[in-house]
Amino acid sequence: MFLFDIESLLLFRQLKAKPELFVLLAKNKDRKIRLKVAQRKDATAEALDALADDCDDIIRRLVARNKNTSRETLKKLSFDADLKVRTGVVENNSTDADTLEGLSFEECLDIDRALSSKSTAPGHILGRLVHHNDDIIRVNLARNPNISFEYLWEMANDSNKQVRSTVFKRLSQSKEIVKALTHFSKDDDENIRSQVAIHPQLSTDLLKTLSNDQEAWVRRNIVEHQDLSADMTEAFSYDTDLYVRASIAKQPTENTELLRRLSKDKEEHVRCAVAKNPSTPLKILKALSRDKSIWVIRALATNEAVDIELLTNLLRKHIEDKQVSRPLKNRIFNLERLQAQNPLTPKPILASLVKSEFNKIHEYLAENSSTAEKTLRELAQKGTISCKIKLLERPDLENDIFELIMKDSVCKERVLISSSTNPDILQRYYCLEQELKCLQSLASNTATDLKFLHKLGQHEDKIVRQRVARNTNTSEMTLRYLMHDKNESVRKLVALNKNTPDDAINTLILDTSQQVRLNLLRQDDLTDNQIRRLALGKDNKFRKKIKSTILNEYI
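Here is what the cut-offs are and how they apply
Residues numbered from 1 in each chain as written. Predicted model: local features only at pLDDT ≥ 70, side-chain atom pairs only at ≥ 80, totals over all residues. Heavy atoms only, no water. Helix = DSSP H or I, 4+ residues; strand = E, 2+ residues; numbered from the N terminus. Rg over C-alpha atoms; globule rule 2.2 N^0.38 Å. Buried < 20%, exposed > 50% of the residue type's maximum accessible area, 1.4 Å probe, protein only. Contact = heavy atoms within 4.5 Å. Arc of directions from axis to C-beta. Phe/Tyr/Trp six-rings, centres within 6.5 Å; stacked < 30°, edge-to-face > 60°. Core = buried A, V, L, I, M, F, W, Y, C linked by side-chain atoms within 4.5 Å. Axes fitted to C-alpha atoms, helices over the stretch in contact; angles between N-to-C directions. Parallel < 35°, antiparallel > 145°, perpendicular 65-115°, else oblique. Nonpolar A, V, L, I, M, F, W, Y, C, P; charged D, E, K, R; others polar. Polar contact = N/O pair within 3.5 Å; in protein donor to acceptor, adjacent residues only side chain to side chain. Left-handed = near helix turned anticlockwise from the far one by under 90°. Salt bridge = Lys/Arg side-chain N within 4 Å of Asp/Glu carboxyl O.

Enquirer: Hey, could you run me through the overall build of the protein in this one?
Expert: A tally of regular secondary structure across the protein gives 41 helices and zero strands. Relative to its length of 555 residues, the protein is extended, with a C-alpha radius of gyration of 36 Å against a globular reference of 24 Å. C-alpha extents for the protein along the principal axes are approximately 90 × 85 × 35 Å. Split into buried and exposed, the 555 residues of the protein put 50% on the buried side. A sequence separation of at least 24 residues applies to 45% of the contacts in the protein between residues at least 6 apart.

Structure representation (structure tokens):
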């Protein structure tokens, strides 16, 4: 029975070349195999038709949802006894209008919900559901791109506010936008009126009407409009809702008197908005710097209109508050960055940037072609690992600076493990007497010379040999040598390596380690005969693992 299963599973590997095998697998006695066929995106219509008569409900449900299932098969499944199968037929985009028509007369909630969401459902079928008593169905209809505007307007007065809200979103993007804005501006629900209020094409008359709305949310959205008149702006600045006043306070304006009044508002949220406003005069900003609220101070620190002098004073007073100090540090960083990246920056200034508290500035200095040798040497001594790596990328780097950098063991390891490292640098370390971490890094590097990799494959340290076995650039000769390694982990990695030659695979099939043999199944070019050989033996648990691995890897 197991061998039969293996043969069936092996058929999956041939499906791309021989799609006719799908029908054979669809008739397999193993339920898992039939399930896999029903799930496959490339399953043939003939195989899915065979599975449509399967005794297993789950398999028929999968067939009903498969995009390759033919219309004839879907028609047959529309009469299935299982409700989820019929629902799957509705959801399938291949289902024709006649089949959907038949299912629409079932008066079944699940099917009606599926129909209401179906963007390819005929308009007259959707129209029957407009007055359905289920809220979810009516919301789905309002979202459905295939429903006509005639039906949408029928739903514009729906009892459910979510339906009306969705209808408004649809109509507000249509040619009937003016009519929709007028209609829904009178809606009983404040959230819908808020949606109307924020719409960019709102007329002046509706702006005035909604500016007097009793609900604060509606007025807040009206304030967001850029074309408010001076009178409306002035009126909103006295609004009872603090968020309306804050919205006015954050808008760019030349009305200094308005900003001065709002800067003294009793609510700190309003004063924060004034403090963030780039059009707020410096005199008002300085007054706000004496505000008792730390939130106002933090808002000031983010304002680009605040000069360095004021920011420095704020920093001195609130040095421990990161939300105050961070904006100033950001400005300093940006200034230093422009200097460190510019090759025209005078060398003395570049040299002074070594003292910068920002590590990224040091990296920019390391990349700058104008940085003086003395400065580079200082970076090699004090810079971070990333900075030192940037230095090593310089083609004009002096040998003594290179040696200085490579004294850092972490940096050395990073350089030797990187495949982008210059081969000339790697060449300097092709010596088995190097420290062990260096050899381990070189063993992992795909740019390491093949001859030296072979030498590393014979090293006494198992980690070095493991990294050679994993290296995707390791030669077939080295892999043949490592397949006999006494360490199981090394042989496991040889079994996974895509460069492992066919004769080495045949040898590893007989390996005493089960995990080595299982790893061979991940080889893309493994032949059917090799898989059969792996499956031979009396150990039932191992054979089950083989079957499970084949299912995961190939199916």
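Text resumes after the structure shown.
Enquirer: Can you walk me through helix α8 (residues 97–104) in this structure?
Expert: Listed as buried for α8 are T99, L100, L103 and S104. Seen end-on, α8 carries its buried residues on one side only, within an arc spanning 135°. Looking at the buried positions of α8, the neighbouring elements they touch are α6 (71–77), α7 (83–91), α9 (109–117) and α10 (123–127).

Enquirer: Would you take a moment to explain the packing of aromatic side chains for this structure?
Expert: As enumerated under the stated definition, the model contains three aromatic pairs in all. Between F333 and F358 the ring centres are 5.3 Å apart and the planes differ by 75°, which places this aromatic pair in the edge-to-face class. One end of the pair, F333, is in helix α25 (residues 322–341); the other, F358, is in the loop between α26 (347–352) and α27 (359–367), and 25 residues separate them in sequence. Like F333, the residue F358 is buried in the burial classification.

Enquirer: Hey, could you run me through the nonpolar core in this one?
Expert: Side chains of nonpolar character tend, in soluble globular proteins, to be buried together. V167, F184 and I222 are the most contacted members of the largest nonpolar core, which has 91 residues in total. Beyond its immediate stretch of four places on either side in the chain, F184 contacts A156, R164, V167, F168, L171, I192, R193 and V196.

Enquirer: Can you help me understand the packing of helix α19 (residues 242–250) against helix α21 (residues 268–276) in this one?
Expert: Axes are the key here: two packed helices are described by the angle between their axes and the distance separating the axes. Between α19 and α21, whose axes approach to 8 Å, the crossing angle comes to 10°. Taken as axis vectors, α19 and α21 run roughly parallel relative to one another. Residues L242, Y243, R245, A246, A249 and K250 of α19 touch α21, and the partners they reach there are H269, V270, A273 and V274. The residue makeup of the contact of α19 with α21, split by class, is seven nonpolar, one polar and two charged.

Enquirer: Got a minute to help me understand the side chain of H225 in this structure?
Expert: Looking at the secondary structure, you find H225 in the loop between α17 (216–223) and α18 (230–236). Relative accessible area serves as the criterion here: at 8%, H225 is assigned to the buried category. There is a polar contact of 2.5 Å between the side chain of H225 and the backbone oxygen of A197. From its side chain, H225 meets the backbone oxygen of H199 in a polar contact 3.5 Å long. If we skip the residues at most four places from it in the chain, H225 touches A197, I198, H199, P200, L202, L207 and Q251.

Enquirer: How do you make sense of the packing of helix α28 (residues 373–382) against helix α30 (residues 399–406) when you look at a structure like this?
Expert: Relative orientation of the contacting elements α28 and α30 amounts to 15°, with a least axis distance of 9 Å. In this view, α28 runs roughly parallel relative to α30, as classed from their interaxial angle. As α28 runs across α30, the sense of the crossing is left-handed. From α28, E373, L376, R377, A380 and Q381 reach across to α30, where they touch D400, I401, L404 and I405. When its residues are assigned to classes, the contact of α28 with α30 shows five nonpolar, one polar and three charged.

Enquirer: Any chance you could explain the pattern of salt bridges here in plain terms?
Expert: As a working rule, side chains carrying opposite charge can pair if their charged atoms are close by. Under the counting rule described, the total for this entry stands at 38 salt bridges. A salt bridge links D291 to R271; its shortest N-O distance comes to 2.7 Å. Residue D291 is found in the loop between α22 (282–288) and α23 (294–301), and its partner R271 is found in helix α21; the two are separated by 20 residues along the sequence. Relative accessible area serves as the criterion here: at 13%, R271 is assigned to the buried category. If you follow the salt bridges from partner to partner, you end up with D49, D53 and K76 in one network.

Enquirer: What is the right way to read the side chain of R219 from this model?
Expert: Mapped onto the secondary structure, R219 falls in helix α17. Under the relative-accessibility criterion, R219 is labelled buried at 9%. Setting aside residues up to four positions removed in sequence, R219 forms contacts with L210, S211, D213, Q214, F236, D239, T240, D241 and V244.

Enquirer: Honestly, the environment of A299 in this entry has me stumped. Any pointers?
Expert: Within the secondary structure, A299 is located in helix α23. Along the backbone, A299 and A273 are 26 residues apart, and their C-alpha atoms lie at a distance of 7.6 Å. Filtering out sequence-adjacent residues up to four positions away, A299 remains in contact with C272, A275 and K276.

Enquirer: Teacher, can you tell me more about α23 here?
Expert: Among the eight residues in α23, six count as buried, and that is most of the element. Among the residues of α23, those classed as buried are V296, I297, R298, A299, L300 and A301. The N-cap of α23, judged by a side-chain oxygen 3.2 Å from the amide nitrogen of W295 a few residues on, is S293.

Enquirer: Just to check I follow, could you spell out unusual backbone geometry for this structure?
Expert: Both trends apply: most residues other than glycine have a negative phi, and most peptide bonds are in trans. Of note in the backbone geometry, E107 takes a positive phi value of approximately 55° without being a glycine. By the element assignment, E107 lies in the loop between α8 and α9.

Enquirer: Would you mind showing me how to read the environment of A97 here?
Expert: Considering the arrangement of structural elements, one finds A97 in helix α8. A relative accessible area of 41% means that A97 is categorised as partly exposed. C-alpha of A97 to C-alpha of P122: the two residues are 25 residues apart in sequence and 6.8 Å apart in space. Apart from residues lying up to four places away in sequence, A97 is in contact with P122 and I125.

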